[in-house]
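One-letter residues, chain by chain:
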Amino acid sequence: MTTLRPLRADEQDLLAQATLENINRAAPRYTPDDVLSTPELAHYISSDVGLVAEDGGPVGVVWLRFFSADDPGYGFVEESVPELSIWVAEGHRGMGLGGQLLTEITALARQRGYPGISLSVEQGNPARHLYERHGFLPAGSGFDPGTLILKF
Ligand SMILES: CC(C)(COP(=O)(O)OP(=O)(O)OC[C@H]1O[C@@H](n2cnc3c(N)ncnc32)[C@H](O)[C@@H]1OP(=O)(O)O)[C@@H](O)C(=O)NCCC(=O)NCCS
């Protein structure tokens, strides 16, 4: 059975693995060392709030991180809006876990009074449907078409 629990501050390895698999989704472009040594990737190995899906070990994670305008994430919209990253392990995908993680992190973000959540999704990633079903919309003119925002 899969259960959700808070992400711990010492789980950088999980965030590094999730970030690596996310950026290598379409093709194996990056190595684990690239993630650690490239500032635009390494800054994702940090979280302000997150949830882990456990099934005998972590099988999914969603996390929110606030970025600054001078060190923005790919889905940066503004400093008061955290950026979401999400990953579900192969073999556990397509069974609703990603949706569950999104629902729960959205509820947490609302409880904390955040104005919304943003994210970046690559062109052609089927995950875009999932985000749209959860109410994410294009951030609008001036942003990359892959930058989506859910406003509360
Ligand atoms: C995107 C992801 C987190 C979704 O988690 P999930 O548990 O598969 O999601 P759910 O089962 O709740 O929902 C499935 C939805 O995700 C989409 N999806 C994306 N990649 C998928 C995959 N490999 N297998 C199944 N569904 C996938 C489906 O299109 C589906 O949306 P739809 O029902 O509207 O068509 C997960 O598939 C994943 O980690 N994929 C690879 C990395 C990635 O794309 N990360 C997001 C970067 S923005």
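Look up: the structure comes first, before these words.
Just so it is clear, the structure is predicted and the values come from calculations on it, not from any experiment.

Participant: Looking at this structure, how should I read the overall build of the protein chain?
Facilitator: Along the backbone of the protein chain there are five helices and seven strands. The order of α-helices and β-strands along the protein chain, N terminus first, is β-α-α-α-β-β-β-α-β-α-β-β. Against the compact-globule benchmark of 15 Å for 152 residues, the protein chain has a radius of gyration of 14 Å, which places it among compact chains. The dimensions of the protein chain, computed from C-alpha atoms along their principal axes, are 40 × 35 × 30 Å. Out of the 152 residues in the protein chain, the part that is buried amounts to 45%. If you take every contact in the protein chain between residues at least 6 apart in sequence, the share linking residues at least 24 apart comes to 60%. If the 11 positive side-chain charges of the protein chain are averaged to one point and the 20 negative ones to another, these points end up 7 Å apart.

Participant: What am I meant to see in the pattern of salt bridges here?
Facilitator: Note on pairing: side chains with opposite charge can pair once their charged atoms come close. Taken as a whole, this structure holds eight salt bridges when the rule is applied. Arg 29 is the salt-bridge partner of Glu 122, the closest N and O atoms lying 3.0 Å from each other. In this pair, Glu 122 sits in the loop between strand S5 (116–120) and helix H5 (127–133) while Arg 29 sits in the loop between helix H1 (12–23) and helix H2 (32–37), placing the two residues 93 residues apart along the sequence. When salt bridges that share partners are traced, they join Arg 5, Arg 8, Asp 10, Glu 11 and Glu 54 into one network.

Participant: Looking at this structure, I do not really get the pairing of strand S3 (residues 58–65). What am I missing?
Facilitator: Regular strands show a simple pattern: their side chains alternate between the two faces of the sheet. Extensive coverage of S3 is indicated by the burial of seven of its eight residues. Relative to S3, strand S2 (residues 49–54) runs antiparallel, the two being bridged by six bridges. Counted as the bridge partner of Val 49 is Leu 64 from S3. The hairpin formed by S2 and S3 contains three residues between the paired strands, and Gly 56 there has a positive phi angle of roughly 75°. In terms of strand pairing, S3 meets strand S4 (residues 83–88) through six bridges, oriented antiparallel. Directly across from Val 61, in S4, lies its bridge partner Trp 87.

Participant: Whenever I open this one, the side chain of Glu 83 confuses me. Can you help?
Facilitator: Mapped onto the fold, Glu 83 is located in strand S4. There is no salt bridge for the buried Glu 83, and the closest opposite charge comes from Arg 65, which lies 8.2 Å off by N-O distance. A polar atom in the side chain of Glu 83 sits 3.4 Å from the backbone nitrogen of Phe 76. Those residues in contact with Glu 83, other than ones at most four positions away along the chain, are Tyr 44, Trp 63, Leu 64, Arg 65, Phe 67, Gly 73, Tyr 74, Gly 75, Phe 76, Ser 118, Leu 119 and Ser 120.

Participant: What is the right way to look at the nonpolar core in this model?
Facilitator: Across soluble globular proteins, nonpolar side chains show a tendency to be buried alongside one another. Counting residues in each nonpolar core, the largest one holds 42 residues, and the members touching the most others are Val 61, Leu 64, Leu 84, Leu 101, Tyr 131 and Phe 136. Where this core is concerned, the elements lending two or more residues are H1, S2, S3, S4, helix H4 (97–111), S5, H5 and strand S7 (147–151). Among the elements that make up this core, the one with the highest residue count is H1 (six residues).

About the thresholds
- Here the residue numbers are simple positions, counted from 1 along each chain's written sequence.
- Where totals are concerned, whole chains, interfaces and linings use all residues; where local detail is concerned, this predicted model gives features only for residues with pLDDT of at least 70, and gives and counts side-chain atom pairs only at 80 or more.
- For side-chain calculations, the full set of non-hydrogen atoms in the structure is used, while hydrogens and water are omitted.
- Helix numbers and strand numbers start at the N terminus; a helix is a DSSP run of H or I with at least 4 residues, a strand a run of E with at least 2.
- With the radius of gyration taken over C-alpha atoms, the globule rule is written as 2.2 Å times the number of residues to the power 0.38.
- Buried residues are those whose accessible area, probed at 1.4 Å on protein chains only, stays under 20% of the maximum for their type, while exposed residues exceed 50% and partly exposed ones sit between those limits.
- Whether two residues touch is decided by their heavy atoms; if any such pair falls within 4.5 Å, the residues are in contact.
- Only four residue types enter the charge count, namely Lys and Arg as positive and Asp and Glu as negative; His and the chain termini do not.
- The atoms used to mark charge sites are NZ of Lys, CZ of Arg, CG of Asp and CD of Glu.
- Here, a salt bridge means any Lys or Arg side-chain nitrogen found within 4 Å of an Asp or Glu carboxyl oxygen.
- Strands were regarded as paired on the criterion that DSSP finds at least two bridges between them.
- Two N or O atoms form a polar contact when they lie within 3.5 Å of each other; inside protein one atom must be a possible hydrogen donor and the other a possible acceptor, and for residues adjacent in sequence the pair counts only when both atoms belong to side chains.
- Put simply, a nonpolar core is a bunch of buried Ala, Val, Leu, Ile, Met, Phe, Trp, Tyr and Cys residues held in one set by side-chain atoms that sit within 4.5 Å of each other.

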